[in-house]
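Residue-level listing of the chains:
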Amino acid sequence: MTSPEPVPDLAALRPRLPSPLQEVVDERFGRRGVRLFLKRDDLIHPELIGNKWRKLAPNLSAAAGRTVVTFGGAYSNHLRATAAAGRLIGLSTVGVVRGEELADRELNPSLARCAADGMRLRFVDRSTYRRKSEPDVLWGILRGIGAEDAHVVPEGGSNALAVRGCRALGEELRGRADVVAVACGTGGTLAGLAAGLGPGQRALGVPVLKGGFLGDDVRGLQASAFGGPRGEWWLDERFHFGGYARTTPALDSFAADFEERHGVAVERLYVAKLLYGLVALAEEGAFPRGTVIAAVVTGAPMEG
């Protein structure tokens, strides 16, 4: 009988928790009587940044030493964070990548970083990838990579464990803001954040994907994590700038200007869209005078 694998010691990675809350003085908010704070989750850990730590940490503990299998596109920050976590705590990782045609191409910088961190990459065709949550399809993928007993983390890292992990984000902000805003991909961070906030606080999600499906996803994630809805939250779907991984010159210009004003590096695919949306909402008068907003900085620009 083999002995169980040791549970990884995540405390040894020395995360900076709670993450800092930093006020930024910006006249676009100030003239509306609104104060803006940045919840600097990008400073939690240099490689497991922001909501990646909050979502991955409970899943890494649950893996209990087993291989972690997860999913993502060719430029997935989630894959990169999972690969880095595997290297840091000595855990085997496999990344299932959308696009079988990529298998014969040179790895892009993002996937090359994953491979350098020890992640095995498995490329699957797009049809199979779309069906990856179906039990028989998932089993076929796991069997094909010899990881039938793996701990599976969904694309983007959002599952019930991750949502419960993100509840701590809301708890850290209890009594410190009226509105807590976060950019959303799969909805897990928003689902947990809203659950952790106190009475009278609201969470705002700014989706970075098109489609209008995120509300149902957030409700489903809260049901799986907590058994039903938790907290007050709403979505503003206007600031995706064309969809995931899409930017425009206007967004790039806005982000560069914010960096110059406040000395904070702005990640373009999530954080820039969030901040742009908050400025637009403030200028529309969406926030009553006296409102305190906390914008969650969920990531930092990744090199290479």
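Up top you'll find the structure we're talking about.
Residues numbered from 1 in each chain as written. Predicted model: local features only at pLDDT ≥ 70, side-chain atom pairs only at ≥ 80, totals over all residues. Heavy atoms only, no water.

Visitor: Outline the overall build of the protein, listing residues and values.
Guide: Regarding its fold elements, the protein presents eleven helices and ten strands. Since a compact globule built from 304 residues should have a radius of gyration of about 19 Å, the 19 Å found for the protein is in line with a globular shape. With the C-alpha coordinates of the protein rotated into their principal frame, the extents come out at 65 × 40 × 35 Å. Every one of the 304 residues in the protein was classed for burial, and the buried ones make up 53%. Here the protein displays about 13500 Å² of accessible surface, and carbon together with sulfur accounts for 50% of that area. Once the 38 positive and 35 negative side-chain charges of the protein are each reduced to a mean point, those two points are 3 Å apart. (Helix = DSSP H or I, 4+ residues; strand = E, 2+ residues; numbered from the N terminus. Rg over C-alpha atoms; globule rule 2.2 N^0.38 Å. Buried < 20%, exposed > 50% of the residue type's maximum accessible area, 1.4 Å probe, protein only. Areas by Shrake-Rupley, 256 points an atom, 1.4 Å probe, with all protein chains shown as cover. Lys, Arg positive; Asp, Glu negative; His and termini not counted. Charge placed at Lys NZ, Arg CZ, Asp CG, Glu CD.)

Visitor: Which residues make up the environment of Leu 209, and what are the values?
Guide: Examined against the element boundaries, Leu 209 turns out to sit in the loop between β8 (202-207) and α9 (214-226). Through-space distance from the C-alpha of Leu 209 to that of Phe 241 is 8.5 Å; in sequence the pair is 32 residues apart.

Visitor: Which residues make up the pattern of salt bridges, and what are the values?
Guide: Taken as a whole, this structure holds 22 salt bridges when the rule is applied. In this structure, Arg 261 engages Glu 27 in a salt bridge whose closest nitrogen and oxygen atoms are separated by 3.0 Å. In this pair, Arg 261 is assigned in helix α10 (residues 249-262) and Glu 27 in helix α1 (residues 27-30), connecting sequence segments 234 residues apart. Of the residues examined, Glu 27 reaches a relative accessible area of 45% and is grouped as partly exposed. (Salt bridge = Lys/Arg side-chain N within 4 Å of Asp/Glu carboxyl O.)

Visitor: Please give an account of the sheet that holds strand β4 (residues 93-98) that cites residues and values.
Guide: Backbone-to-backbone hydrogen bonds pair the strands of a sheet. The strands run either parallel or antiparallel. Taken in spatial order, the four strands line up as β5-β4-β3-β6 in an open sheet, and their pairing is parallel. In this open sheet, the two edge strands, each paired with only one partner strand, are β5 (120-124) and β6 (151-153). Averaged over neighbouring strand pairs, the angle between their axes works out to 25° when direction is ignored. Two strands pair when backbone bridges link them, and strand β3 (residues 68-72) and β6 are joined in this way by three bridges, in the parallel orientation. In the strand pairing of β6, Val 68 is matched with His 151. Along the sheet, helix α6 (residues 135-144) makes contact with β3, β4, β5 and β6, crossing β3 at roughly 120°. (Pairing = 2+ DSSP bridges. Axes fitted to C-alpha atoms, helices over the stretch in contact; angles between N-to-C directions. Contact = heavy atoms within 4.5 Å.)

Visitor: Kindly report on the pairing of strand β10 (residues 292-296), identifying the contributing residues and their values.
Guide: In terms of residue burial, β10 counts as a mostly covered element, since five of its five residues are buried. By the alternation rule, side chains of β10 split into Val 292, Ala 294 and Val 296 and Ile 293 and Ala 295, which are all buried. Judged from the five bridges that link them, strand β2 (residues 35-39) and β10 form a sheet pairing that is parallel. Following the sheet pairing, Leu 38 is matched in β10 by Ala 295. Relative to β10, strand β7 (residues 179-184) runs parallel, the two sharing three bridges. Looking at the pairing, Val 179 lines up with Ile 293 of β10.

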